[in-house]
Amino acid sequence: MKKILFTISLFSALLSCKNTSEKPEKAAQEIPVETSVTYPSDVIPFMDKWKILLGDGTTSNDLVNFQKDDFFYVENEAGINWVVYKTPNAGITSPNSSNTRSELGEKRRWIPEEGGKLTGTLKVQHVSTTGDATKSSSYSVVVGQIHSDEGHENEPLKIYYKKFPGHTKGSVFWNYEINTEGDNAGRWDYSTAVWGYDFSVVGDSATNYPEEPKDGIALGEEFSYEVNVHKGIMYLTFTSEGHETKTFTKNLLKSDFANKTDIPQQVIDRYSSTRTVGVERDTAYAGEKQFFKQGAYNQANRKSTNSETYNGDIAKQYENGSYAEVWFKKGSVGASEEPKE
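Let us look at the structure shown here. (Residues numbered from 1 in each chain as written. Predicted model: local features only at pLDDT ≥ 70, side-chain atom pairs only at ≥ 80, totals over all residues. Heavy atoms only, no water.)

## Observations regarding the overall build of the protein
- Along the backbone of the protein there are five helices and 16 strands.
- Among the 341 residues that make up the protein, the fraction classed as buried is 48%.
- In the protein, of all internal contacts separated by at least 6 residues, the share reaching a separation of at least 24 is 69%.
- As presented, the protein carries roughly 17000 Å² of accessible surface, and 49% of it is formed by carbon and sulfur atoms. (Helix = DSSP H or I, 4+ residues; strand = E, 2+ residues; numbered from the N terminus. Buried < 20%, exposed > 50% of the residue type's maximum accessible area, 1.4 Å probe, protein only. Contact = heavy atoms within 4.5 Å. Areas by Shrake-Rupley, 256 points an atom, 1.4 Å probe, with all protein chains shown as cover.)

Written out as structure tokens, the structure reads:
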């Protein structure tokens, strides 16, 4: 009896093993993985106050939960989210400019008497590596602006970062463009250095650069600016760890350049051989509608700086260094404030 039972048990065990081995394996089920997108508006929540123009011509008036790969998106570095503005040397530009931009434009309009305030904490990751060293705009990007929306539509403020090829440190400076008396043929920028050089320092040939600035800012080095236009006076503050804090004031209601004798030597040296050097209307930008801009306004192009553009092929420009890239981790825009003592 025990022998029969053992035989039956062994047969059952073998049958069970056979059945198990012959059962087809179930295909592994693909479980959908939810991916969450971090938008620029999640990082800097003032995006509802802006519209944007990107380097490929894309525009949007609604930036909440908006991004565009390769132009306007979020990067995380060491646990910190940054809003990236990236734009090639050649793409689709605004009607009155030869320069591409991935740049915010404030929706609100204000006059200098009313004022407004803009702040930004950023680092420039890349500027064009090609260009003519004798041209002031080569190798540079504008990271913040005040732009007029009336009259000549000039710019009372442009904040620049510029780095010559082969240098470790670049320069931060700001330009004031006069609100020209009469027609706009005589317009010019006056430049003020923050760290490093101002706009007027160039190479003595297309491929020969000035010495590297000793107190400059490197690519990837963080700095901040505050633009506070209060009761017609523009107050500028620039800060960066390891660098001296710099402050400036500029009256936007009363011109410093209303007479020929007021024109700075910097301007005469830079412009007089190539264009008319005019004067500013006595009231400067008083009563004119203004708005802020922030992001990456690339100053390199084929026309004025002889920068490489690969016939407008954006992918090739990105591959070969023909672009500007700026990262912001903080920013604010709103009403002006009484300046601190």
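## Topic: the environment of Thr245
- Examined against the element boundaries, Thr245 turns out to sit in the loop between β13 (233-239) and β14 (246-251).
- Of the residues examined, Thr245 reaches a relative accessible area of 43% and is grouped as partly exposed.
- Along the primary structure Thr245 and Ser224 are separated by 21 residues, whereas in three dimensions their C-alpha atoms are 9.9 Å apart.
- Contact partners of Thr245, with chain neighbours within four places excluded, come to Thr237, Phe238 and Thr239.

## So, the environment of Asn65
- Here Asn65 shows up in the loop between β2 (59-60) and β3 (72-77).
- Spatially, the C-alpha atoms of Asn65 and Pro40 are 7.3 Å apart, while their sequence positions differ by 25 residues.
- Beyond its immediate chain neighbours, meaning those up to four positions away, Asn65 contacts Tyr39, Ser41 and Asp42.

## Quick word on the pairing of strand β9 (residues 169-177)
- Of all the nine residues making up β9, eight are buried; the element is thus mostly covered by neighbouring parts of the structure.
- Here five bridges tie strand β8 (residues 157-162) to β9, and the two strands are oriented antiparallel to one another. Counted as the bridge partner of Tyr161 is Val172 from β9.
- Examined bridge by bridge, β9 and strand β11 (residues 217-218) share two bridges and lie antiparallel to one another. Residue Lys169 lies in a different strand from β11, and its bridge partner there is Ala218.
- Where β9 and strand β10 (residues 189-195) come together, six bridges link them in antiparallel fashion. If you follow Glu177 over to β10, its bridge partner there is Asp189. (Pairing = 2+ DSSP bridges.)

## Observations regarding the nonpolar core
- The biggest cluster of nonpolar side chains holds 64 residues, and the ones touching the most others in it are Trp174, Val227 and Phe238.
- Per element, the largest residue contribution to this core is five residues, and it comes from strand β16 (residues 323-334).
- Ignoring any residue separated from it by four or fewer positions in sequence, one finds Trp174 in contact with Leu157, Lys158, Ile159, Tyr190, Ser191, Thr192, Val194, Met234, Leu236, Phe238, Phe248 and Lys250. (Core = buried A, V, L, I, M, F, W, Y, C linked by side-chain atoms within 4.5 Å.)

## Brief notes about the sheet that holds β13
- As summarised here, the arrangement of the seven strands in space is β3-β4-β16-β6-β12-β13-β14, forming an open sheet in which the pairing is antiparallel. Only two strands of the sheet have a single neighbouring strand rather than two, namely β3 and β14. Averaged over all adjacent pairs, the angle separating strand axes in this sheet is 30°, with direction ignored. (Axes fitted to C-alpha atoms, helices over the stretch in contact; angles between N-to-C directions.)

## Quick look at the packing of aromatic side chains
- This model, assessed by the stated rule, comprises 22 aromatic pairs.
- Taking the centre distance of 5.7 Å and the plane angle of 40° together, the rings of Phe164 and Tyr209 count as tilted. Pair noted here: Phe164 is in the loop between β8 and β9 and Tyr209 is in the loop between β10 and β11, with a separation of 45 residues, a long-range link.
- Look at Tyr318 and Tyr323: their rings are 5.4 Å apart centre to centre, the planes differ by 70°, and that puts the pair in the edge-to-face class. As far as the burial class goes, Tyr318 and Tyr323 line up, both buried.
- Three or more aromatic residues joined by ring pairs form one cluster here, namely Trp174, Trp195, Phe223, Phe238 and Phe248.
- One Lys or Arg, Lys123, reaches over the ring of Trp82 and ends 4.4 Å from the middle of that ring. (Phe/Tyr/Trp six-rings, centres within 6.5 Å; stacked < 30°, edge-to-face > 60°. Lys NZ or Arg CZ within 6 Å of the ring centre and 35° of its normal.)

As far as function goes, none of this settles anything; it's purely spatial.
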